[in-house]
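The residues making up each chain are set out below.
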Amino acid sequence: MKFWKLLRTIGLSGLVSVQLAYAQDASVAELRAELEAMYVSDQAQRLEMRAVAQKFGHNSAEYHALWATQHVADEANIKRLVDIVESSGWPKQSTLGWKAASAAFLVLQHSTPAHQRRFLPVVREAVAQGEVRPSSLALLEDRVLVGQGKPQIYGSQLITDPTTGKNSIQPIADEMDVDKRRAAVGLEPLAEYAKRFGVIYEAPKP
């Protein structure tokens, strides 16, 4: 009885619209849950690796075992992200929420250079639409440049010495103005950023 009453009230076209809305809500909820699960799998071993590296070193069997597990997760995550982007575009924070949208960016950051280059224009467009933070794009821009053997723009990419475990900042183009560029996209001064990785950074003097 309720169904026929609803049909008389809103009509057939209205009922179809309601059904589509329910289907879309369910689809969004499923995608959100899937991306949030990808966020967890992207970070799982990475969080543990920091502690393992400090305890056993970057060349330890324990550290390499965690990397092997993380690599499997990373491959599965980027494969699924490609499917998502190709079918429905870059995951939007306005629709899916911060954690799901952040998962998409993290998965891309931890994928291959080829995937990063491929989706860089997509992320740029998402930034223009207000769906990705400019600071996130800056990290991706740097990663793509470093992957091509070029100097980075924002100084976000570091390299770890496998023997000592010490970090150092990859070469930066126009390093004198790096903090101006960082501020423009919402990043803290490079010295503060570097400190989090155990690096003492001094800006070049004019």
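Residues numbered from 1 in each chain as written. Predicted model: local features only at pLDDT ≥ 70, side-chain atom pairs only at ≥ 80, totals over all residues. Heavy atoms only, no water.

Engineer: Break down helix α2 (residues 61-88) for me, with residues and values.
Structural biologist: Taking 1.5 Å of rise per residue, 28 residues should cover 40 Å, and α2 covers 40 Å from first to last C-alpha, within 8% of that figure. Along α2, the residues classified as buried are Tyr63, Leu66, Gln70, Ala73, Asp74, Asn77, Ile78, Leu81, Val82, Ile84 and Val85. Positive backbone phi, at 85°, marks glycine 89, one or two positions downstream of α2. (Helix = DSSP H or I, 4+ residues; strand = E, 2+ residues; numbered from the N terminus. Expected span 1.5 Å × (residues − 1). Buried < 20%, exposed > 50% of the residue type's maximum accessible area, 1.4 Å probe, protein only.)

Engineer: A description of the packing of helix α4 (residues 98-109) against helix α6 (residues 134-147) should follow, citing residues and the corresponding values.
Structural biologist: Taken N-terminus to C-terminus, the directions of α4 and α6 make an angle of 10°; their axes are 11 Å apart at the nearest point. In terms of orientation, α4 lies roughly parallel with respect to α6. In this structure, α4 crosses over α6, and the sense of that crossing is left-handed. Contacts between α4 and α6 involve Phe105, Leu108 and Gln109 on the former and, on the latter, Ser136, Leu137, Leu139, Leu140 and Arg143. (Axes fitted to C-alpha atoms, helices over the stretch in contact; angles between N-to-C directions. Parallel < 35°, antiparallel > 145°, perpendicular 65-115°, else oblique. Left-handed = near helix turned anticlockwise from the far one by under 90°. Contact = heavy atoms within 4.5 Å.)

Engineer: Quick rundown of the packing of aromatic side chains? Include the residues and the values.
Structural biologist: With the rule as written, the count across this model stands at two aromatic pairs. Note on tyrosine 39 and tryptophan 98: the rings are 6.0 Å apart at their centroids and 55° apart in plane angle, and the pair reads as tilted. With tyrosine 39 in helix α1 (residues 2-56) and tryptophan 98 in helix α4, this pair connects stretches of sequence that are 59 residues apart. When the ring centre of tyrosine 193 is taken as reference, the NZ or CZ atom of arginine 182 above it lies at 4.9 Å. (Phe/Tyr/Trp six-rings, centres within 6.5 Å; stacked < 30°, edge-to-face > 60°. Lys NZ or Arg CZ within 6 Å of the ring centre and 35° of its normal.)

Engineer: Can you explain the confidence of the model for the protein? Please cite residues and give values.
Structural biologist: Should pLDDT be low for a region, the predicted coordinates there are not to be read in detail. Mean pLDDT over the protein works out to 88, with 87% of the residues at or above the 70 mark. Put simply, α1 is where the protein has its lowest mean pLDDT, 71, and helix α7 (residues 178-184) is where it has its highest, 98. With pLDDT under 50 throughout, residues 18-23 is counted as low confidence; its partners more than four residues away or in other chains account for one contact. (pLDDT = per-residue confidence, 0-100.)

Engineer: Tell me about the pattern of salt bridges, and name the residues and values.
Structural biologist: Across all of its chains, the model carries nine salt bridges by this definition. Glutamate 188 is paired through a salt bridge with arginine 182; the nearest N and O atoms lie 3.6 Å apart. On the basis of relative accessibility, which here comes to 0%, the residue arginine 182 falls in the buried class. For the salt bridge of arginine 196 with glutamate 188, the shortest nitrogen-to-oxygen distance reads 2.4 Å. Taking relative accessible area as the criterion, arginine 196 reaches 56% and is therefore assigned exposed. Three or more residues are tied together by salt bridges with common partners; here these are Asp42, Arg46 and Asp74. (Salt bridge = Lys/Arg side-chain N within 4 Å of Asp/Glu carboxyl O.)

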